[in-house]
Amino acid sequence: MALSSKGTALITGASSGIGAVYADRLARQGYDLILVARSQAKLTALANRLSDATGRNVEVVTADLKEKADLLRVEQILRNDASITLLVNNAGVGAVMPLLASPVDDMQDMITLNITALTRLAYAVVPGFVARGAGTVINIASIVAIAPEILNGVYGGTKAFVLALSQSMHHELADKGVRVQAVLPGATATDFWSEAGHPVENLPQEIVMAVDEMVDAALVGLASGEVVTIPGLHDGAQWDRYEAQRQVLSGLFGSSTAAPRYH
Ligand code: NAP
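Parameters at a glance
- Residues numbered from 1 in each chain as written.
- Predicted model: local features only at pLDDT ≥ 70, side-chain atom pairs only at ≥ 80, totals over all residues.
- Heavy atoms only, no water.
- Helix = DSSP H or I, 4+ residues; strand = E, 2+ residues; numbered from the N terminus.
- Contact = heavy atoms within 4.5 Å.
- Areas by Shrake-Rupley, 256 points an atom, 1.4 Å probe, with all protein chains shown as cover.
- Lys, Arg positive; Asp, Glu negative; His and termini not counted.
- Charge placed at Lys NZ, Arg CZ, Asp CG, Glu CD.
- Salt bridge = Lys/Arg side-chain N within 4 Å of Asp/Glu carboxyl O.
- Buried < 20%, exposed > 50% of the residue type's maximum accessible area, 1.4 Å probe, protein only.
- Axes fitted to C-alpha atoms, helices over the stretch in contact; angles between N-to-C directions.
- Parallel < 35°, antiparallel > 145°, perpendicular 65-115°, else oblique.
- Left-handed = near helix turned anticlockwise from the far one by under 90°.
- Pairing = 2+ DSSP bridges.
- Core = buried A, V, L, I, M, F, W, Y, C linked by side-chain atoms within 4.5 Å.
- Right-handed = clockwise from strand over helix to strand, strands pointing away.

Visitor: Is there a simple way to explain the overall build of the chain in this structure?
Guide: Looking only at helices and strands, one finds eight helices and seven strands in the chain. Projected onto its principal axes, the C-alpha coordinates of the chain cover approximately 70 × 45 × 40 Å. Considering only residue pairs separated by 6 or more positions, the chain has 68% of its internal contacts joining residues 24 or more positions apart. Within the structure as shown, the chain displays about 13,400 Å² of accessible surface, and the carbon and sulfur contribution to it stands at 56%. Side-chain charges in the chain split into 19 positive and 26 negative, and the spacing between the mean points of these groups amounts to 6 Å.

Visitor: Teacher, can you tell me more about the pattern of salt bridges here?
Guide: Pairing is possible between side chains of opposite charge, provided their charged atoms come close. One pass over the structure, following the stated rule, counts 12 salt bridges. The residue Arg56 makes a salt bridge to Asp32 at a minimum N-O spacing of 3.1 Å. Placement of the pair is Arg56 in the loop between helix H2 (40-54) and strand E3 (58-62) and Asp32 in strand E2 (residues 32-37), with a sequence separation of 24 residues. Each member of the pair Arg56 and Asp32 is classed as buried. Between Arg79 and Glu75 there is a salt bridge, and its shortest N-O distance comes to 3.3 Å. Within this pair, Arg79 and its partner Glu75 are both found in helix H3 (residues 68-80), separated by four residues, close to a single helical turn. Residue Arg79 is classed as partly exposed on the basis of its relative accessible area, which comes to 45%. The class for Glu75 is buried, based on a relative accessible area of 2%. One network of salt bridges, with partners in common, ties together Asp24, Arg25, Arg28, Arg49, Asp212 and Asp216.

Visitor: Honestly, the packing of helix H4 (residues 104-132) against helix H5 (residues 153-173) in this entry has me stumped. Any pointers?
Guide: The contact between H4 and H5 brings their axes to 9 Å, and the two run at 10 degrees. Taken together, H4 and H5 sit at an angle that is classed as roughly parallel. Judged by the twist between their axes, the crossing of H4 over H5 is right-handed. Taken together, the residues of H5 that come into contact with H4 (itself represented by Met107, Met110, Ile111, Asn114, Ile115, Leu118, Thr119, Ala122, Val126 and Val130) are Val154, Tyr155, Thr158, Lys159, Phe161, Val162, Leu165, Met169 and Leu173.

Visitor: Please clarify how the sheet that holds E2 should be interpreted in this entry.
Guide: Strands belonging to one sheet form pairs held by backbone hydrogen bonds; the direction of such a pair is parallel or antiparallel. Ordered in space as E3-E2-E1-E4-E5-E6-E7, the seven strands form an open sheet in which the pairing is parallel. Each end of this open sheet is capped by a strand with a single partner; those strands are E3 and strand E7 (228-229). As judged from the four bridges shared by strand E1 (residues 8-12) and strand E4 (residues 84-89), these two strands associate in the parallel manner. By the bridge assignment, Ile11 is partnered in E4 with Val88.

Visitor: Help me out: how do you make sense of the nonpolar core in this one?
Guide: One recurring pattern in soluble globular proteins is that nonpolar side chains are buried together. Counting residues in hydrophobic clusters, the biggest one holds 36 residues, and the most contacted among them are Leu10, Val36, Leu65, Val74, Leu78, Val125 and Met169. Counting residues per element, the ones that place at least two in this core are E2, H3, E4, H4, H5 and strand E6 (178-183). With nine residues, H4 is the largest single contributor of residues to this core. Other than its neighbours up to four places away in sequence, Val74 contacts Leu10, Val36, Val61, Ala63, Leu65 and Leu121. Counting 31 residues, the second-largest nonpolar core is a separate cluster that includes Ile11, Leu33, Ile138 and Val211.

Visitor: Help me out: how do you make sense of the pairing of E6 in this one?
Guide: Side-chain positions along a regular strand alternate between the two faces of the sheet. Burial within E6 is extensive, with five of its six residues counted as buried. Where strand E5 (residues 135-140) and E6 come together, six bridges link them in parallel fashion. Directly across from Val137, in E6, lies its bridge partner Val180. Handedness of the crossover is the feature at issue here: the chain leaves E5, passes through H5, returns alongside E6, and the resulting connection is right-handed. Bridging between E6 and E7 involves two bridges; their strand directions are parallel. Of the residues in E7, the one forming a bridge with Val183 is Thr229.

Now the structure itself:
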């Protein structure tokens, strides 16, 4: 028997990897889907498979989110389609080369996708969620948001932005019925690594998580109400202490005088 609809989830970067697994899991949970990426053939194959398997309505939107006109088309859908209850802001690219070996134009393209597109899509969907008093935004960040020394620094910087934006959105929107979750995957077995020029097979396999396990864990984190979900961090109390200390520090920065150590 078909599940009653939970509304529509729009998933960016749904043609492969993490986004494609979100599509599968959310369709099975009872969401209709709008799948966004550049690869039309992959999106259409996934849409056909999921609508056959689940009976859900699955639409495909081919868009390069680095291109302003394409991005605006997706923003319009988020603004105008009141059936949308969930945005999975997942499309993103990475880099593994250090600063001195990375062409700055590539870095700018990464910023355009990982930051500008993600931000504009959040801005497009949130006013409707607030007006309706309900809605969820899942932003896919990365553990490099907290550990920027691990990979390329601009990549880490884009994901630190995603984490900070998510925390700020949660602060601003929680009492308006809008849920915000930042997901911080560690190394996950997807095309991300070969796209970045460093196939996942070259990583120590004990730090690589299967993509299904990563997404399933992130959805458990969402269901349990987490704002920040780190599937690979086994001792969650470590994060709770880190976050509690950050909250303490947040209240200590304002002062009319510089600290004595600077005099
Ligand atoms: P992936 O398999 O390479 O998927 C990336 C997705 O983004 C694809 O669907 C790709 O589709 C889409 N995409 C890329 N450029 C795009 C563009 N210009 N416009 C629209 N869509 C675009 O990698 P993934 O691991 O699933 O990555 C998903 C997210 O997880 C990213 O934000 C990444 O930073 C994050 N993440 C990944 C890892 C990891 O280890 N894999 C760890 C932490 C965070 P098309 O090529 O069809 O456009």
